[in-house]
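Descriptive analysis of the structure
For reference, the chains in residue letters:
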Amino acid sequence: MAKSLWLASTSVYRQALLQKLTTNFQCAKPEVDETALSTETPEQLVLRLSAAKAQAVANRLQNDGCPALVIGSDQVAVFNGQILGKPHTEERAFAQLRSFSGQSVLFLTGLSVVDNESGRTDTILDRFIVEFRHLSDDEINCYIRREQPLNCAGSFKSEGLGITLFEKMTGDDPNSLIGLPLIRLHQMLKNFGVDLLLQGQ
């Protein structure tokens, strides 16, 4: 039986990113506790959670007798050594963006692929830095009102109007900033014997 491809996420953003490579995949909620451990660095957190998400779905599929490759991903934004949560309110979004004015924010993304037949797991860490230009209060308020980035870590959507807030972006793959590093993912899947480019022939 051929392995099916699964994304261990119900994020519409990650689904849209994976659809750039293939529409031949299914999604499942990983049901993983995302609470950080007390001794964990942000890097360790995203590596652990991306692997745990992929493994949780891989285990369920294995119990159902479904051979699969499962993709898991986790991301945090880090500013002044602190992990940033989603703002959820306009007031918190304003406070986050105001603190970022003229500053840099680091985005860490863990990416895992699990083969539930062999048990093999590959996990990588992707780093992306966003440098914000100096923002006025009017600009911040206008941006929040127009794009409502209340469920986004960092209070912006780089794939939308959020790009106007930046001075510079530094990283290997802009898709990483949205939550799924596609360049690394394509190579990882090739290492598992799946070439999504050639599948489209």
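Residues numbered from 1 in each chain as written. Predicted model: local features only at pLDDT ≥ 70, side-chain atom pairs only at ≥ 80, totals over all residues. Heavy atoms only, no water.

Filter applied, for reference: UniProt positions are given in the numbering used here, feature names are shortened, and annotations may be inferred rather than shown by experiment.
The name given to the protein in an unreviewed UniProt entry is 7-methyl-GTP pyrophosphatase, with Rheinheimera tilapiae as the source organism. Taken verbatim from the UniProt record of the protein, the Function (unreviewed entry) comment is "Nucleoside triphosphate pyrophosphatase that hydrolyzes 7-methyl-GTP (m(7)GTP). May have a dual role in cell division arrest and in preventing the incorporation of modified nucleotides into cellular nucleic acids." UniProt's Catalytic activity (unreviewed entry) comment on the protein is quoted here verbatim: "N(7)-methyl-GTP + H2O = N(7)-methyl-GMP + diphosphate + H(+)".

What about the pattern of salt bridges?
Rule in force here: Throughout this description, the term salt bridge denotes a Lys or Arg side-chain nitrogen within 4 Å of a carboxyl oxygen of Asp or Glu. Secondary structure elements follow DSSP: runs of H or I no shorter than four residues count as helices, runs of E no shorter than two count as strands, and numbering proceeds from the N terminus. Burial status follows relative accessibility: with a 1.4 Å probe on protein chains alone, a residue under 20% of its type maximum counts as buried, one over 50% as exposed, and anything between as partly exposed.
This model, assessed by the stated rule, comprises nine salt bridges. Of the charged contacts, one joins glutamate 117 and lysine 3 as a salt bridge, the two residues approaching to 3.1 Å between their closest N and O atoms. Taken together, the positions of glutamate 117 in the loop between strand E5 (104–115) and strand E6 (121–132) and lysine 3 in the segment before strand E1 (4–7) put the pair 114 residues apart, joining distant regions of the chain. Aspartate 137 is paired through a salt bridge with arginine 98; the nearest N and O atoms lie 2.8 Å apart. Pair noted here: aspartate 137 is in helix H4 (residues 137–147) and arginine 98 is in helix H3 (residues 90–100), with a separation of 39 residues, a long-range link. Judged by its relative accessible area of 32%, aspartate 137 is partly exposed.

Observations regarding the UniProt feature "site: Important for substrate specificity" (unreviewed entry) in the protein
Put simply, the rule is: Contacts are assigned to residue pairs with any non-hydrogen atoms lying within 4.5 Å of each other. Nitrogen and oxygen atoms within 3.5 Å of one another constitute a polar contact, given that in protein one can donate a hydrogen and the other can accept it, and given that sequence-neighbouring residues count only through two side-chain atoms.
Annotation from UniProt places "site: Important for substrate specificity" (unreviewed entry) at Tyr13, Gln75 and Glu159. Its place among the elements puts tyrosine 13 in helix H1 (residues 12–18). For tyrosine 13, a relative accessible area of 31% corresponds to the partly exposed category. Contacts of tyrosine 13, omitting those with residues within four sequence positions, involve Cys152, Lys157, Glu159 and Ile178. Of note, glutamine 75 is situated in strand E3 (residues 68–79). Setting aside its immediate chain neighbours within four residues, glutamine 75 contacts Arg14, Val46, Phe107, Leu108, Thr109, Ser176, Leu177, Ile178 and Gly179. Of the polar contacts made by the side chain of glutamine 75, one reaches the backbone oxygen of serine 176; its length is 2.7 Å.

Digging into the environment of leucine 97
Mapping leucine 97 onto the fold places it in helix H3. Separated by 53 residues in sequence, leucine 97 and leucine 150 have C-alpha atoms that sit 12 Å apart. Not counting chain neighbours up to four residues away, the residues in contact with leucine 97 comprise Phe132, Leu135, Ile140, Tyr143, Ile144, Gly154, Ser155 and Leu165.

Points about unusual backbone geometry
Located in the positive-phi region is histidine 88, a residue other than glycine, with phi close to 70°. Considering the arrangement of structural elements, one finds histidine 88 in the loop between strand E4 (82–84) and H3. Positive phi, close to 50°, is recorded for glutamine 148, a residue that is not glycine. Checked against the element boundaries, glutamine 148 lands in the loop between H4 and strand E7 (166–171). By relative accessible area, which is 35% here, glutamine 148 ends up partly exposed.

Topic: the side chain of serine 155
Along the polypeptide, serine 155 turns up in the loop between H4 and E7. Reaching out from serine 155, the side chain makes a polar contact with the side chain of glutamine 96 at a distance of 2.6 Å. Discounting chain neighbours no more than four positions away, the residues touching serine 155 are Pro87, Ala93, Gln96, Leu97, Tyr143 and Pro149.

Looking at helix H2 (residues 42–63)
Think of an α-helix as 3.6 residues a turn; residues three or four steps apart then line up on the same face. The test is simple: Multiplying 1.5 Å by the helix residue count minus one yields the expected span of that helix.
For H2, with 22 residues, the first-to-last C-alpha span of 32 Å sits near the 32 Å given by 1.5 Å per residue. Taken together, the buried positions of H2 are Pro42, Leu45, Val46, Leu49, Ser50, Lys53, Ala54, Val57, Ala58 and Leu61.

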